[in-house]
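This is what each chain is made of:
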Amino acid sequence: MISARGPDTNSIVRLYLQLLLFPGTEVPYYGCSLAGLAFMFSSSILLQILACALYNNWWPMLSALMYVLVPMPCLFFGGGSTQFLISRDGGGWIDAAKFLTGASSIGSLAIPIILRHADLINTGAMFIEFTSFFIFVMTVMCFHRASLDDDW
C-alpha cells in the first residue's frame, strides 16, 4: 500500500510487475524516479569498481574521491539545494560554490586522462571511467530535475 510517507517495498515490486505484465499502465512518478536514480547511481559506482577490477589496477578509484567532493560546495555554501547552480544570483559564497563545483567536476574528468597519460591505467579503464562519469552526471541532472517538482 502506498502511504503518505511514500511507497513501501511490496508496492514498488507490485508496480514493476504490473509494468512488465501490462506495459500501458501508468506508474506513480516518485516511485520510478527514485528507483531510477538509485539504479543510475549504483550502475555508475559499479562501473567505477569494474574499471579497477577488470584491469587489476586500483588507480582509477581516485575518480571516486571526486564523486564525494563534487556535492560538498552544494552542501556547505548552497544550503543543500541545487537551485543556486542555475540562478544568476551572485555573492561571495555562492560564486565560490559554483567555482568549486565546476572545478571538482572537471577534476573528475581530468584524473583518468592524467592517469592514462602517465601509463598508470589502460585505455579501456579510462573509457569505463568516462562512462561512469557520464552516468553520474545524468543522475545528478535527473535529481535536480526531480527536486524542482513539488510532487517529489
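About the cut-offs
Residues numbered from 1 in each chain as written. Predicted model: local features only at pLDDT ≥ 70, side-chain atom pairs only at ≥ 80, totals over all residues. Heavy atoms only, no water. UniProt positions renumbered as here; feature names shortened; annotations may be inferred. Helix = DSSP H or I, 4+ residues; strand = E, 2+ residues; numbered from the N terminus. Contact = heavy atoms within 4.5 Å. Salt bridge = Lys/Arg side-chain N within 4 Å of Asp/Glu carboxyl O. Buried < 20%, exposed > 50% of the residue type's maximum accessible area, 1.4 Å probe, protein only. Phe/Tyr/Trp six-rings, centres within 6.5 Å; stacked < 30°, edge-to-face > 60°. Patch = residues over 30% accessible without salt bridge, like charges linked within 9 Å, V, L, I, M, F, W, Y side chains within 5 Å. Areas by Shrake-Rupley, 256 points an atom, 1.4 Å probe, with all protein chains shown as cover.

- Looking up the protein chain in an unreviewed UniProt entry gives the name Vacuolar protein sorting-associated protein 55 homolog, with the organism given as Trapa incisa.
- Looking at the protein chain in UniProt, the text filed under Sequence similarities (unreviewed entry) is "Belongs to the OB-RGRP/VPS55 family."
- The UniProt entry for the protein chain carries the following comment under Subcellular location (unreviewed entry): "Membrane".

Quick notes on the environment of F130
No. 1: Residue position: F130 is located in helix α6 (residues 123-148).
No. 2: Spatially, the C-alpha atoms of F130 and L109 are 7.0 Å apart, while their sequence positions differ by 21 residues.
No. 3: Those residues in contact with F130, other than ones at most four positions away along the chain, are L109, P112 and I113.

Section: the pattern of salt bridges
No. 1: Tallying each qualifying case throughout the model produces one salt bridge.
No. 2: R116 is paired through a salt bridge with D119; the nearest N and O atoms lie 3.0 Å apart.
No. 3: For R116, a relative accessible area of 28% gives the class partly exposed.
No. 4: Overall, D119 belongs to the exposed group, its relative accessible area being 60%.

Focus: the packing of aromatic side chains
No. 1: A full pass over the atoms with the stated rule returns three aromatic pairs.
No. 2: Each ring, one from F41 and one from F136, has its centre 6.2 Å from the other, and the planes form 50°; the classification is tilted. Taken together, the residues F41 in helix α2 (residues 29-53) and F136 in helix α6 connect sequence positions 95 residues apart.
No. 3: Residue F136 is classed as buried on the basis of its relative accessible area, which comes to 9%.
No. 4: Joined through ring pairs, the aromatic side chains of F41, Y67 and F136 make up one cluster.

Considerations on a nonpolar patch on the surface
No. 1: Together, L75, F76, F77, W93, F99 and L100 line one region of the surface with nonpolar side chains, adding up to about 710 Å² of accessible area.
No. 2: Structurally, W93 is set in helix α5 (residues 92-117).
No. 3: In this structure W93 comes out as exposed when scored by relative accessible area, which is 60%.

What to know about the UniProt feature "transmembrane region" (unreviewed entry) in the protein chain
No. 1: Here the UniProt-annotated "transmembrane region" (unreviewed entry) positions come out as residues 27-52, 64-86, 92-115 and 127-146.
No. 2: With 100% helix and 0% strand, residues 92-115 has its two end C-alpha atoms placed 34 Å apart.
No. 3: Along residues 127-146 the backbone is 100% helical and 0% strand, and the end-to-end C-alpha distance reaches 28 Å.

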